[in-house]
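One-letter residues, chain by chain:
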Amino acid sequence: MVDKKNDINQVVSIEVADDYALICLNNPPVNAASQLLRQGLQDAMAFCTAQSDIKAIAIYGAGRTFVAGADIKEFGKPPQAPFLPELVNTIEQSSTPVISILHGTALGGGLEIALGTHARVGIKGLRLGLPEIHLGLLPGAGGTQRTPRLVGIPAALEMILSGRHVPAAEALELGLIDQLCEGEARDVAINAAKDVLAGRLKTRRTDQITVKPNHAHLDEVEAKLMATQAHLFSPHKCVEAVRASSLPINEGLKVERHAFMECMDTPQRAGLIHAFFGERAVSNIPEAKGAAREIAKIGIIGGGTMGSGIATACLLAGLSVKLLETAQENLDRGRTTITKNLEGAVKRGKLSQDKFDMVLSNLDGSLEISNFSDVDLVIEAAFEDMAIKKEIFTKLDAVCKKGAVLASNTSYLDINEIAAVTKRPEDVIGLHFFSPAHVMKLLEIVVADKTAPDVVATGFALAKKLRKIGVKAGVCDGFIGNRILSYYSKTASYLVLEGASPEQVDQALERFGFAMGPHKVGDLAGLDIGWMTRKRKAATRSKQDRYAGDVADKICENGWFGRKTGQGYYVYDGSDIRPNPEVRTIIEATRTKLGITPKSFTENEIVDRYMTAMISEAVRVLEDKIAARPVDVDMVFLFGYGFPRHRGGPLHYADEIGAEKLIERIETYAKDDDHYWKVPNLLRDMAAQGKKFADLNR
Ligand code: 3H9
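This text gives an overview of the structure that appears in the document. The structure presented is a predicted model; accordingly, all values stated were derived computationally and were not measured.

1. So, a positive patch on the surface
Stage number 1. There is a patch of like positive charges on the surface, built from Arg348, Lys350, Lys441 and Arg467.
Stage number 2. Note on placement: Arg467 falls in the loop between α18 (453-465) and β18 (469-473).

2. Digging into the sheet that holds strand β3 (residues 20-25)
Stage number 1. If you trace the seven strands from one edge of the open sheet to the other, you get β1-β2-β3-β4-β5-β7-β10, paired in mixed fashion. Single-partner strands in this sheet number two, and they are β1 (6-7) and β10 (179-181).
Stage number 2. Relative to strand β7 (residues 119-123), strand β5 (residues 98-102) runs parallel, the two sharing four bridges. Pairing of Leu102 across the sheet is with Gly122, part of β7.

3. Notes on the site of the ligand
Stage number 1. Near the ligand, the surroundings consist of 26 residues, among which Arg64, Gly109, Glu112, Glu132 and Arg280 are the closest.
Stage number 2. In this structure, Ile72 approaches the ligand through a main-chain N or O atom, which is 3.0 Å from a nitrogen atom.
Stage number 3. One of the backbone N or O atoms of Gly109 is found 2.8 Å from an oxygen atom in the ligand.
Stage number 4. Where the shell around the ligand is concerned, the elements lending two or more residues are α3 (109-116) and α11 (267-281).
Stage number 5. With three residues, α11 is the single largest residue contributor to the shell around the ligand.
Stage number 6. For the shell around the ligand, a count of residues per class yields 15 nonpolar, five polar and six charged.

4. Section: the side chain of Ser13
Stage number 1. With respect to the helices and strands, Ser13 occurs in strand β2 (residues 12-16).
Stage number 2. The exposure class of Ser13 is buried, given its relative accessible area of 7%.
Stage number 3. If we skip the residues at most four places from it in the chain, Ser13 touches Lys5, Asn6, Asp7, Ile8, Leu22, Ile23 and Cys24.

5. Quick notes on the environment of Glu391
Stage number 1. Note that Glu391 resides in helix α16 (residues 386-399).
Stage number 2. Residues Glu391 and Val421 lie 30 residues apart in sequence; the distance between their C-alpha atoms is 8.4 Å.

6. As for unusual backbone geometry
Stage number 1. Looking along the chain, the bond that leaves Pro28 and enters Pro29 is cis, with omega of 5°.
Stage number 2. Topologically, Pro29 is positioned in the loop between β3 and α1 (35-50).
Stage number 3. For the bond running from Ala81 to Pro82, omega is -5°, close enough to zero to count as cis.
Stage number 4. Looking at the secondary structure, you find Pro82 in the loop between β4 (56-61) and α2 (84-93).
Stage number 5. Unlike most non-glycine residues, Lys625 shows phi in positive territory, near 60°.

Conventions we followed
Residues numbered from 1 in each chain as written. Predicted model: local features only at pLDDT ≥ 70, side-chain atom pairs only at ≥ 80, totals over all residues. Heavy atoms only, no water. Patch = residues over 30% accessible without salt bridge, like charges linked within 9 Å, V, L, I, M, F, W, Y side chains within 5 Å. Areas by Shrake-Rupley, 256 points an atom, 1.4 Å probe, with all protein chains shown as cover. Salt bridge = Lys/Arg side-chain N within 4 Å of Asp/Glu carboxyl O. Lys, Arg positive; Asp, Glu negative; His and termini not counted. Charge placed at Lys NZ, Arg CZ, Asp CG, Glu CD. Helix = DSSP H or I, 4+ residues; strand = E, 2+ residues; numbered from the N terminus. Pairing = 2+ DSSP bridges. Near = heavy atom within 4 Å. Polar contact = N/O pair within 3.5 Å; in protein donor to acceptor, adjacent residues only side chain to side chain. Nonpolar A, V, L, I, M, F, W, Y, C, P; charged D, E, K, R; others polar. Buried < 20%, exposed > 50% of the residue type's maximum accessible area, 1.4 Å probe, protein only. Contact = heavy atoms within 4.5 Å.

Structure below.
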């Protein structure tokens, strides 16, 4: 007979039977090991271990999961006792056997609590992992010491460096858990306690297991990390801590603690945690939570790279897709691209081979827009030309059913102007995908003046269904991302005109953390795209804007559009990539024509200019309310523009620099070019009030 539940505090309770006790952790939504939970668990352990008639203790979680980790919200604030590492030691050193019952997820500090118990019983569906690396940390409550004791150094290191969620069956095979069963956590806890008492479930202390050193493996992994992730701090610290696991546990735990605190102090940790919460914050707005319209059938206009990518994303999410093209051969080409994309998804493990045919059978092609009369949502991904878009939306207005959402994937054009050609502007919205649309996570949800609230909510619901990060944006040329991009990308051109080489600019930004510098990105995307835009906008571009494109224009005039033509800023020869010597000649000639005497730039100067430009325009995007909060800008850049995640996003990074310093930089740069460099008013106000961008997120 189990006694009635007694609350230790708001999140931890105990039930005591004749000879065992159950400790229930109930801290929704994910049972994070907050100060309250740690205190409750410590007090519950003290209570249970003081009762001589309690011969076994089972810890389980209420709700949807066991403990999903330390409470990330507490990081960066003064630490509060009791501390998790000591609590895990207390559990481990208990002379009364303690077992943990794991369901949902046992992650980070949650798994570390379990490793301190004397046996672990998993419930089907459980996933275990040490994902601290994604937060710029390492498992800091014994995970780097106890995991190798259970599964050996190579498997432990793989788990810690990948941060992946290990499925229950694999965890059982590895020896991370002792049993796997089905049932409700509390029932399983009762059975497990009885099993321990009856000797059917063996218990042992993890700290009493010894680890065989494996320096050769650790050296090999460290060498790989140096080649690929030298700029990141925590992966190297993970290796250092796991290396110490072959020492006596107290010594190993000391090494782990020291390395954990070092990680905690880095801006990388702050950037990655900002990214964790930012990812969730963008859709944590009332507009995203309202009632959405039902969407099952999607119509897509245009079977080019973009349209096919969007179609692939929709098909992968289980939606049915009607693809519209102007000619049969275009339709065929679209279907081929989509098929290839889906084959790629099978290869990457995103789609099972069994489901491939079924998913592809949800694709239907059409040459007649009148066939769109039954679709719930249309995404127009036609040529980027206002006249064409207006013609399409006029037709959509005529054929689509009442209540259908009419979306444009335009990356620059005015959604209000497009909506105005319909008699239902409230149904019109911008859904701006990023190429390749079935891979890139960002979806800008562009809300026009008359877009109805349930259409906005539908945009967010679609983003969720497609497993994308939906960010609300206002209407302007380029919305959030492309507007900022068109501004700061000129800095890369100015730097080159003023004396840096394209490869020097690329290298500086790659060392900052971008996967590719802007010139390599240009070569990959195709230099002809920017060239076409510059020609289209020639009449309205200022003198300065014009010379920003001078070098790129000359490269394009030679028919060099980047990778696809074998040369651009670089020459591509199989896997060999080298700076294009012809481009050097073009740059020198352009400097002479413009009367520029080249000067030299350090790597820091390059990064500072580039980032200051990006931040300046991001601030203006906030001033104009195109982005509602700094975090929205940050997530656009993390998920759409390859901004290094460990830097948190341009405005999180701006807080590291500070408003005053940014103003000082802009004013210095403006001495040479006051047309381009202007201090945004918001930045001046923030400096005057001592505010940070983080304050504007609250
Ligand atoms: C650690 O453990 C360090 C230790 O080694 C050492 C310590 C000394 N804390 O993701 P969801 C919130 S580091 C606080 O939407 P799902 C989340 O913000 C930690 N809050 O749900 C959201 O709030 P809101 C290692 C947390 O079902 C809500 O819970 N652990 C935490 O898609 C729902 O989350 C990790 O890194 C947390 N730890 O996914 C695991 N976790 O509703 C991080 C979540 O206000 N968590 N929240 O937006 C996850 O990976 C996912 O949340 C999980 C559930 C898979 C658990």
